[in-house]
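What follows is each chain in one-letter form.
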Amino acid sequence: MMRLTISFPSTTLLRPVEIQVGLPSGFSTARPPYRTLWALHCAMESGVFFFESLDAAGIADREQVAIVAPSLGNGYFINSVAEAQGDFLQEMFIALHEILPLSSRKEDNVVLGVSMGAFGALRWGLECRCFARVAAVSGVFDALLPPDERLMKKRAQRALYLSIGRVMQRLLLDADGRTRPEADFPRLLQATGTDFPQIYLYCGEEDYLSLSQTDKMEELCRHFACPVQRHVSAGEHDAAYWRGIFPRAVNELFAN
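The shown structure was predicted, so the numbers you read here are calculated from the model rather than taken from an experiment. (Residues numbered from 1 in each chain as written. Predicted model: local features only at pLDDT ≥ 70, side-chain atom pairs only at ≥ 80, totals over all residues. Heavy atoms only, no water.)

Digging into the pairing of strand β6 (residues 133–137)
Among the 5 residues in β6, 5 count as buried, and that is most of the element. Burial along β6 is two-sided: Arg133, Ala135 and Val137 and Val134 and Ala136, pointing in opposite directions, are all buried. Bridging between strand β5 (residues 109–114) and β6 involves 5 bridges; their strand directions are parallel. Residue pairing in the sheet places valine 111 in a bridge with valine 134 of β6. The handedness of the β5 to β6 crossover, carried by helix α4 (residues 116–128), is right-handed. (Buried < 20%, exposed > 50% of the residue type's maximum accessible area, 1.4 Å probe, protein only. Helix = DSSP H or I, 4+ residues; strand = E, 2+ residues; numbered from the N terminus. Pairing = 2+ DSSP bridges. Right-handed = clockwise from strand over helix to strand, strands pointing away.)

Describing the nonpolar core
Core analysis: the largest hydrophobic core is formed by 64 residues, its most contacted members being Ile19, Trp38, Tyr76 and Trp124. Broken down by element, the residue count for this core peaks at 8 residues, all from α4. Excluding anything up to four places from it in sequence, tryptophan 124 contacts Trp38, Leu40, Leu89, Gln90, Met92, Phe93, Val111, Arg129 and Phe131. Grouped together as the second largest cluster of nonpolar side chains are 28 residues, Phe50, Ala56, Ile67 and Val137 included. (Core = buried A, V, L, I, M, F, W, Y, C linked by side-chain atoms within 4.5 Å. Contact = heavy atoms within 4.5 Å.)

Remarks on the layout of surface pockets
Empty space within the largest pocket amounts to approximately 400 Å³. What lines the largest pocket is a set of 29 residues, among which Val140, Tyr161, Gly165, Met168 and Leu209 lie closest to the centre. Listing elements by their share of the lining of the largest pocket, those giving two or more residues are α5 (155–172) and α7 (211–223). Counting residues per element, the lining of the largest pocket draws most heavily on α5, at 8 residues. Within this model, the second largest pocket holds a volume of roughly 180 Å³. Along its surface, the second largest pocket is lined by 15 residues, and Phe141, Asp142, Phe185, Pro186 and Lys216 are the ones closest to its centre. (1 Å grid on protein atoms, 1.4 Å probe; cavity = no way out; pocket = protein on both sides within 12 Å on 5 of 7 lines; lining within 4 Å. Points joined across faces, edges and corners; volume = space filled by probe spheres on them.)

Brief notes about the sheet that holds strand β2 (residues 15–23)
Spatially, β1-β2-β4-β3-β5-β6-β7-β8 is the arrangement adopted by the 8 strands of the open sheet, whose pairing is mixed. A single partner strand is all that each edge strand has here, and the edge strands are β1 (2–10) and β8 (228–233). Pairwise comparison of adjacent strand axes, ignoring direction, gives a mean angle of 20° for this sheet. In this sheet, β8 lies alongside strand β7 (residues 198–204) in parallel orientation, the contact comprising 6 bridges. Bridge pairing links tyrosine 200 to glutamine 229 in β8. (Axes fitted to C-alpha atoms, helices over the stretch in contact; angles between N-to-C directions.)

Some remarks on the pairing of β1
Of the pairings in the sheet, the one linking β1 to β2 comprises 9 bridges and is antiparallel in character. Considered in β2, the bridge of phenylalanine 8 is made with valine 17. The hairpin formed by β1 and β2 contains 4 residues between the paired strands, and leucine 14 there has a positive phi angle of roughly 60°.

Here's the deal with the pattern of salt bridges
A full pass over the atoms with the stated rule returns 16 salt bridges. Residue glutamate 107 pairs with arginine 105 through a salt bridge whose shortest N-O separation is 3.2 Å. Relative accessible area serves as the criterion here: at 43%, glutamate 107 is assigned to the partly exposed category. Take arginine 105: its relative accessible area is 47%, and that puts it in the partly exposed class. (Salt bridge = Lys/Arg side-chain N within 4 Å of Asp/Glu carboxyl O.)

Description of helix α6 (residues 185–192)
Of all the residues in α6, the buried ones are Phe185, Leu188, Leu189 and Thr192. One side of α6 carries all its buried residues, which in axial view fall inside an arc of 95°. For α6, the secondary structure elements touched by its buried residues are α4 and α7. Once α6 ends, the next one or two residues include glycine 193, with phi positive near 75°. (Arc of directions from axis to C-beta.)

Description of the packing of aromatic side chains
Applying the stated rule across the entire model yields 12 aromatic pairs. Taking the centre distance of 6.1 Å and the plane angle of 85° together, the rings of phenylalanine 49 and tryptophan 242 count as edge-to-face. Of this pair, phenylalanine 49 sits in helix α1 (residues 48–52) while tryptophan 242 is found in helix α8 (residues 239–254), placing the two residues 193 residues apart along the sequence. Comparing phenylalanine 49 with tryptophan 242, the two get one shared label, buried. (Phe/Tyr/Trp six-rings, centres within 6.5 Å; stacked < 30°, edge-to-face > 60°.)

What follows is the structure, encoded as structure tokens:
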């Protein structure tokens, strides 16, 4: 794999954004334009996370695909008073197709997010309609959903919930404590009509930060006749689970 680090001068955010890109290389049988995985990181990480912690390099070569992972901090990949991160994602998508050998066909583009990034991937996938499939891993989608009572018995998950919960409320709720339209998945699903991507939801069976969120999202997708598959397997809300599920999720995203 050939790995690039791009300093992208965003006119949307008025600042440079670091983007990690992996392209198949060496004895690759793939030829450009490449099928592409767009990957959105979890909180307190960056796009580097996929390459240094989840073996994105090995997966790019095995699957013969490009992987693009921007670094956007803890902004939940949504437009807010602080930054228009949702608009940036579209700016990046268009610009990188102009400068890199990436396929522009919808069926060749998929998006995956982890934890906070799962929210961003699902929101982006529904809103922009440029992805054939979306994978949300350990997603936390609804700032108003009551926490699982089992969460408080898991020290690491409890600490993450208490810290990330405040960020979610600040970014996803309005001044009256209601979900903002940009974060309202029932509204997004309804606005999509019938042009849905295939949704894959992944969660660890002991991930009490995400499990009820994943169940609710599956129910919501089915209510709007959005194609969805839910996969729950051993694991918690941590890098160990993500390392195990990431290659499976990528393989499933490109299987069709």
